Amino acid sequence: MSDFIYMDNAATTRIAPEVLDAMLPYLREEYGNPSSAYKFSGRIAEKVAEARNTIGKVIGAKEKEIFFTSGGSESDNWAIKGIADARRDKGNHIITTKIEHHAVLHTCEFLEKRGFEVTYLPVDEKGLVNIDELKAAIRPSTILVSVMFANNEIGTIEPIKEIGRIAHEHGVLFHTDAVQAFGHVPIDVNEMNIDLMSASAHKIHGPKGVGFLYIRSGVRLSNLIHGGAQESGRRAGTTNAAGIIGFAKAAELAARDMEDTISREKTLRDRLMHKVLSEVPYARVNGDLENRLSNNVSFCFRFVEGESLLIMLDNKGICASSGSACTSGSLDPSHVLLAIGLPHEIAHGSLRLTLSAENTEEEIDYVAETIKQVVQRLRMMSPLYEDFVKKNRE
């Protein structure tokens, strides 16, 4: 086992060797701009078209429905702002949830300042949207429902097909932020009633700086970036040929290996959850235990600060993240953990571990034992924990 254990794959992943090999020719020999008119660039344009087709097939979409972007945040912004602008004559109401990624939440807040109305649906203790509450929130002025496919912090997978069906029954478009789900779970945009979908390459062992927005044929939305005629005139900017080709290879590998990857990740994930919950008192797993991403484990430890936990794990060679916003300079804990009903003092003691199929059982056992030791050490320094133990002994 190496001295470095990476368990923050929801943040980013290591690029796969096959992906890098696919990209390198388009960073060196085949470096032309695919928008140029000569044959040298024409060859590259053909590879970009192949990549678009490959990614489309993974989600059951047509090649012409895939539009490449710089990543998930841009795709989310484009989908929501683009629909808001294009459909303003039909209404000004958008529905989303309280547990979305900030790329969605901050975009909605931006639109609220410009006259749009946004309903932020609550979720239950597992992080799931209530379908009846969604139905009740839809108005004649509703133009878009945007609900993430799988939560980036707690791993809960939403009932996407049902949400899309409800939206369509009311003549409303449905967007899903699938940044954490694409390549990790099977997705069929037609079967799941998805009109717009955001995804990013670096979450599936692809390169950073490239993503896509799926736009169902016939859906009209305004451009976010203006300039040249790239992406069929809908998204300006020099085509990131190497990144797109790498993205397609990563998507191809993820689709090919998905069943085996899910099986292996679940085995590792469940081993980790069992060890931690059985050996660390006053610990809990956040999110739905069944409808969750196969590689996601989200814990909360009472009487522990997430920031201290992360630092001590890092000193032991373990890369993880915390739902606590201490790491981003905020005094408030994760908005996701608060939305599922956790009090501040518990939400502050959160830890997110996101695995990959590259992790080993030996690493899982080491991480579980290290968490046990670190949590115990931190609690020994907590007067609150000492008082709690004394009170429970009386």
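Residues numbered from 1 in each chain as written. Predicted model: local features only at pLDDT ≥ 70, side-chain atom pairs only at ≥ 80, totals over all residues. Heavy atoms only, no water.

**Student:** So what exactly am I meant to see when it comes to helix 2 (residues 39-58) here?
**Tutor:** Along an α-helix, residues three or four apart share an orientation, since each turn contains 3.6 residues. In this model helix 2 runs 29 Å from its N-terminal to its C-terminal C-alpha over 20 residues, within 8% of the 28 Å that 1.5 Å per residue would give. For helix 2, the full list of buried residues reads Ser41, Ile44, Val48, Ala51, Arg52, Ile55 and Gly56. Within helix 2, the buried residues cover an arc of 135 degrees as seen down the axis, which keeps them to one side. Away from the buried face of helix 2 by more than 90 degrees, exposed residues Lys39, Glu46 and Lys57 are located. Of the surrounding elements, those touching the buried residues of helix 2 are strand 2 (66-69), strand 8 (211-215), helix 7 (230-233) and helix 8 (241-279). (Helix = DSSP H or I, 4+ residues; strand = E, 2+ residues; numbered from the N terminus. Expected span 1.5 Å × (residues − 1). Buried < 20%, exposed > 50% of the residue type's maximum accessible area, 1.4 Å probe, protein only. Arc of directions from axis to C-beta. Contact = heavy atoms within 4.5 Å.)

**Student:** Even after reading the chapter, I still don't get the packing of aromatic side chains, so can you show me in this structure?
**Tutor:** Aromatic ring pairs: the centre-centre distance and the angle between the two ring planes describe each pair. In total, this model carries 7 aromatic pairs according to the counting rule given. Seen in terms of ring centroids, tyrosine 31 and phenylalanine 40 are 5.3 Å apart; in terms of plane orientation they differ by 70 degrees. Their pairing is edge-to-face. Accessibility expressed as a relative area gives 58% for tyrosine 31, which makes it exposed. In this structure phenylalanine 40 comes out as partly exposed when scored by relative accessible area, which is 24%. Judged by centre distance (5.3 Å) and plane angle (85 degrees), the rings of phenylalanine 182 and phenylalanine 212 are edge-to-face. Of this pair, phenylalanine 182 sits in the loop between strand 6 (173-177) and strand 7 (196-200) while phenylalanine 212 sits in strand 8; the two residues are 30 residues apart in sequence, bridging distant segments of the chain. With relative accessibility at 2%, the residue phenylalanine 182 sits in the buried group. A relative accessible area of 0% means that phenylalanine 212 is categorised as buried. Taken together, Phe182, Phe212 and Phe247 form an aromatic cluster joined through their ring pairs. We note arginine 234 situated over the ring of phenylalanine 67; from NZ or CZ to the ring centre the distance is 5.0 Å. (Phe/Tyr/Trp six-rings, centres within 6.5 Å; stacked < 30°, edge-to-face > 60°. Lys NZ or Arg CZ within 6 Å of the ring centre and 35° of its normal.)

**Student:** Would you mind going over the nonpolar core with me for this structure?
**Tutor:** Generally speaking, soluble globular proteins have nonpolar side chains that are buried together. In terms of nonpolar packing, the biggest core is built from 67 residues, with Ile59, Phe149, Phe182, Ile187, Ile194, Met197 and Phe212 touching the most fellow members. Broken down by element, the residue count for this core peaks at 9 residues, all from helix 8. Setting aside anything within four residues of it in sequence, one finds methionine 197 in contact with Ile59, His175, Thr176, Ala178, Phe182, Ile187, Val189, Phe212, Leu213 and Tyr214. Residues Ile5, Met7, Met273 and Leu310 belong to the second largest nonpolar core, which totals 28 residues. (Core = buried A, V, L, I, M, F, W, Y, C linked by side-chain atoms within 4.5 Å.)

**Student:** Whenever I open this one, helix 12 (residues 361-380) confuses me. Can you help?
**Tutor:** Here helix 12 spans 29 Å end to end across 20 residues, near enough to the 28 Å set by a 1.5 Å rise per residue. Among the residues of helix 12, those classed as buried are Glu363, Ile364, Val367, Ala368, Thr370, Ile371, Val374, Val375, Leu378 and Arg379.

**Student:** Even after reading the chapter, I still don't get unusual backbone geometry, so can you show me in this structure?
**Tutor:** The general pattern is negative phi for most residues beyond glycine and trans for most peptide bonds. One non-glycine residue with positive phi stands out, namely asparagine 193, at about 60 degrees. With respect to the element layout, asparagine 193 can be found in the loop between strand 6 and strand 7. A positive phi angle, near 50 degrees, is found at glutamate 231, a position not held by glycine. Relative to the helices and strands, glutamate 231 is located in helix 7. Assessed through its relative accessible area of 9%, glutamate 231 is described here as buried.

**Student:** Whenever I open this one, the pairing of strand 10 (residues 296-301) confuses me. Can you help?
**Tutor:** On a regular strand, each side chain points to the face opposite its neighbour's, so the side chains alternate between the two faces of the sheet. Across the 6 residues that make up strand 10, a large majority, 6, are buried. By the alternation rule, side chains of strand 10 split into Asn296, Ser298 and Cys300 and Val297, Phe299 and Phe301, which are all buried.

**Student:** Honestly, the pattern of salt bridges in this entry has me stumped. Any pointers?
**Tutor:** Charged atoms that come close allow side chains of opposite charge to pair. The tally for this structure, following the rule as stated, stands at 17 salt bridges. Across the pair arginine 352 and aspartate 8 runs a salt bridge, and its minimum N-O distance is 3.1 Å. Residue arginine 352 is located in strand 12 (residues 350-354), and its partner aspartate 8 is located in the loop between strand 1 (5-6) and helix 1 (17-23); the two are separated by 344 residues in the primary sequence. Between glutamate 74 and arginine 235 there is a salt bridge, with the nearest N and O atoms lying 2.7 Å from each other. Residue glutamate 74 is located in helix 3 (residues 72-86), and its partner arginine 235 is located in the loop between helix 7 and helix 8; the two are separated by 161 residues in the primary sequence. Of the two residues examined, glutamate 74 and arginine 235, each falls in the buried class. Put simply, Arg271, Lys275, Glu361 and Asp365 are held in one network by salt bridges that share partners. (Salt bridge = Lys/Arg side-chain N within 4 Å of Asp/Glu carboxyl O.)

**Student:** What should I look at first to understand the sheet that holds strand 3 (residues 93-97) in this one?
**Tutor:** Within the open sheet, the 7 strands sit side by side as 2-8-7-6-5-3-4. Their pairing is mixed. Two strands in the sheet have a free side with no partner beyond their single neighbour: strand 2 and strand 4 (117-121). Adjacent strand axes in the sheet meet at a mean angle of 20 degrees, parallel and antiparallel pairs treated alike. Two elements, strand 3 and strand 4, share 5 bridges in a ladder whose sense is parallel. Across the sheet, the residue bridging to isoleucine 94 is valine 118, located in strand 4. Against the sheet, helix 2 contacts strand 2 and strand 8, and its axis sits at roughly 115 degrees relative to strand 2. Here helix 3 sits on the sheet in contact with strand 2, strand 3, strand 5 (142-146), strand 6, strand 7 and strand 8, set at roughly 160 degrees to strand 7. (Pairing = 2+ DSSP bridges. Axes fitted to C-alpha atoms, helices over the stretch in contact; angles between N-to-C directions.)

**Student:** What am I meant to see in the pairing of strand 12 here?
**Tutor:** Along strand 12, 5 of the 5 residues are buried, which leaves the element largely enclosed by surrounding structure. Every second residue of strand 12 is oriented toward a common face, with Ser350, Arg352 and Thr354 on one face and Leu351 and Leu353 on the other, all of them buried.

**Student:** Sorry if this is basic, but what is going on with the packing of helix 3 against helix 4 (residues 102-112) here?
**Tutor:** Helix packing geometry: the angle between the two helix axes and the distance between the axes. Running from N to C, helix 3 and helix 4 point in directions that differ by 30 degrees, and their axes come no closer than 9 Å. Considering their axes alone, helix 3 and helix 4 lie roughly parallel with respect to each other. The handedness of the crossing between helix 3 and helix 4 is right-handed. Residues Ser73, Asp76, Asn77, Ile80, Lys81 and Ala84 of helix 3 pack against Ala103, Val104, Thr107, Cys108, Phe110 and Leu111 of helix 4. (Parallel < 35°, antiparallel > 145°, perpendicular 65-115°, else oblique. Left-handed = near helix turned anticlockwise from the far one by under 90°.)

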